[in-house]
Amino acid sequence: MKLLKKNGYNLCFTVIVIALALMPLLLLNGFVKSTTVLFLGKCMAFAIVAIGLDLIWGYTGILSLGHGLYFCLGAYGMGMYLKMVETHGKITDFMQVGGLTELPLIWKPFLSLPGTFLMIFLAPLVVSGLIGYFIFKNRVKGVYFSIISQALTWAAYSIFIALSPYTNGNVGISQIQSVLGSLRGPKNEGNLVTLFYVALVVLILIYALSYFLVHTKFGKILIAIRDGENRTYFSGYCVSNYKNVIYMLSAIFAAVAGALFVNFNGSITPTQMSITYSITMVIWVAIGGRGTLIGAVIGAFLINLCEYNLSSGSMAESWQYIIGLLFVITILFFKGGIVGIVKDQIPALLQKRRSRAEKEGRDHQPIPVKAEE
Amino acid sequence: MNLLFNGLSLSSIILLASLGLAITFGLMRVINMAHGEFMMIGAYTSYVIQNLLQTWLGNSGADVGYFLSIIIAFAVTFLIGSLLETLVVSRLYGREIDSLLATWGISLILQQAARTIFGTQGVLVTTPKVLSGSIRIGKTSLSMTRLFIIALVACCLLLVWFLMYRTNFGRQMRAVMQNRSMAQCMGINSRKIDNLTFSIGSGLAGIAGCSIALLGSIDSTVGQNYIVNTFMAVVLGGVGKLLGTVLGSSIIGFSSIGFETMTSSSIAKAIVLLIIIIFLQKKPQGLFTVRSRALDE
């Protein structure tokens, strides 16, 4: 029991990882469909964004409503590389339609795979670093940060749509294969399985990195910032730098997730950058449980699996109601999300019941003290 | 001249949309993400009322219906706002970020409700005959709908100002927002004031919804288009100041129109937002600030 309490989170994560690792084996034996595996691959990407969001929201108390921007930076970078693999480094058809004759300079680094990987790290790093530097230095915090991040994402969204010769506007980059080639059809199951395991390894690495980070002194300072920003300032820490570093890290996580996502999904549109989608990411973390890494992972998997199973078919209409209601109830009554319910609220309830039972039991017994008197 | 009128028109629309927000966000510190959906409800209300009256009274009914619907939309969103305050928002005072998220959940539900009732196809409100023409002054023609919206905004602004600064209720409201416990000691029922304030803010969103119904088709996402601009207007103006909101929304409106002459409209939107964000770095509190020595203000 003690072991469970101490290592419950990691145990839970291990269970999830093992379950995921079994999926491709089930696929090869024909127990699950390849679409399910493909979908779980996307879920892993979502779990990575959720971890990143949890680091800044759950641990540091910065609510970003604009992580779709970083998600899309990674996804567009990867998507553009894959698109140009198909065109053999020449300009794509939508650029031709847009009137460009040469490959624009911003897409040049994405011609090679190492360059793409480098840019997937660098682009969100630079963007989030710049934004974070100014915003945190000027001590914009709380809801103001949320509103500004939302507005920034909206601005980026309209720019991406407006610059359609570069980004293909509303349509986005579509009809692309993964890094390993096509994933569809029974012939390419091997590719799918390999890619799935790559994503799983990335997820484990990012979880491990975050786990390590929140248990160091750095992580403790983040929690201190969340619980009392001014006190942390007065204790001599440069809060804005800490915030900026964690913000950049979570932006990189989001970009990595985006890059993985586009491999599985085969297309990327500006919808993934919209405010609605960005807040959906926050919903995963909130329902799973903010402030615990495993909560973010559970939330991302659970919500997406439910959506996947419910949003097609007769439940499609009620899904929006369900998710909305669930979200409101979580925010109102269960601050810790699912993890909080399991970890705190159920034990507290049991404790209450036990103590009440004990009390009642005591009441029924004859009181011996009086008799002795 | 034409530019000026367009700017004024856009500013007035943003102002009308952010007026309610200025009350809920500025005074009550509740981030109502469902504000856009209240506008949507207002717009749909005018659609429903107009259609009802049209079937009863014919075409003249439609015209009357629109003007009538402004009042009804206010009443409807007022009631929904009151209900929302009692059920959800009242539990979230002092938790700004949570209020943002919870009302987002509400907005998801309201959007889906609109899709269930009215379908995903956009619906149109017919412009009343009185408002369909335009007035020519010199070379520019001023469309009547836009003039009407400007007049409507001026009325609302005047009413809100009167309510806030010249009535007993307004005095109580400001007292509660400035120092809740002190106001309670003075015998003010702060729960009632909270509820009324939030409801009025929502009601104003309903009126704003009626005005945007004149500008284009209505669907379940119509409110979403305004949410970013209205929040920025309130933040830019300085939270808690009516005059600030007026100035903030006119800055956004005029500069959007100004930039639109140079580039495409979506780039213009982005530029305006970026400039405001850069400006907010200089003055994080907005244009008008309530001076205070508190650390966490």
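Predicted model only: the values in this text are computed from it and were never measured. (Residues numbered from 1 in each chain as written. Chains lettered and ligands numbered in written order. Predicted model: local features only at pLDDT ≥ 70, side-chain atom pairs only at ≥ 80, totals over all residues.)

As for the overall build of chain A
The helix and strand inventory of chain A stands at 16 helices and 0 strands. Counting only C-alpha atoms, chain A reaches 105 × 60 × 40 Å along its principal axes. Burial statistics for chain A: of 373 residues in total, 45% are counted as buried. Nonlocal contacts in chain A, meaning residues at least 24 apart in sequence, comprise 78% of its contacts between residues at least 6 apart. (Helix = DSSP H or I, 4+ residues; strand = E, 2+ residues; numbered from the N terminus. Buried ≥ 20, exposed ≤ 12 C-beta atoms within 10 Å, placed from the backbone. Contact = placed C-beta atoms within 7 Å.)

Examining the interface of chain B and chain A
Each partner contributes residues to the interface: chain B has 33 residues there, and chain A has 34 residues. Secondary structure elements with two or more residues in the side of chain B that touches chain A: α4 (96–118), α9 (224–237) and α11 (265–282) of chain B. Among the elements that line the side of chain B that touches chain A, the one with the most residues is α4(B), at 13 residues. A breakdown of the residues in the side of chain B that touches chain A according to their chemical character gives 22 nonpolar, 6 polar and 5 charged. (Nonpolar A, V, L, I, M, F, W, Y, C, P; charged D, E, K, R; others polar.)

A short note on the UniProt feature "transmembrane region" (unreviewed entry) in chain B
Mapped onto this numbering, the UniProt entry annotates "transmembrane region" (unreviewed entry) at residues 12–31, 64–89, 144–164, 196–218, 230–254 and 266–282 of chain B. Helix makes up 100% of residues 144–164 of chain B and strand 0%. Its end C-alpha atoms lie 30 Å apart. (UniProt positions renumbered as here; feature names shortened; annotations may be inferred.)

Comments concerning the environment of B:Phe118
Residue and element names in this part refer to chain B. The residue Phe 118 is located in helix α4 in this model. In this structure, the C-alpha to C-alpha distance between Phe 118 and Met 182, residues 64 residues apart in sequence, is 47 Å. Excluding anything up to four places from it in sequence, Phe 118 contacts Tyr 44 and Val 123.

A few points about the environment of A:Ile283
All names here are of chain A. Tracing the chain through its elements places Ile 283 in helix α12 (residues 275–288). By the C-beta count within 10 Å, which is 23 here, Ile 283 ends up buried. Sequence-wise, Ile 283 and Thr 330 are 47 residues apart; in three dimensions their C-alpha atoms are separated by 9.5 Å. For Ile 283, the contacting residues outside a window of four places in its chain are Ile 303, Ile 323 and Phe 327.

Some thoughts on the packing of helix α2 (residues 35–57) of chain B against α9(B)
Residue and element names in this part refer to chain B. Close contact between α2 and α9 brings their axes to 8 Å; oriented N to C, the two are set at 130°. The pairing of α2 with α9 is recorded here as oblique in orientation. The element α2 and its partner α9 pack so that their crossing is right-handed. Every residue of α9 that contacts α2 at His 35, Gly 36 and Met 39 is listed here: Gln 224, Tyr 226, Ile 227 and Thr 230. Counted by class, the contact of α2 with α9 contains 3 nonpolar, 4 polar and no charged residues. (Axes fitted to C-alpha atoms, helices over the stretch in contact; angles between N-to-C directions. Parallel < 35°, antiparallel > 145°, perpendicular 65-115°, else oblique. Left-handed = near helix turned anticlockwise from the far one by under 90°.)

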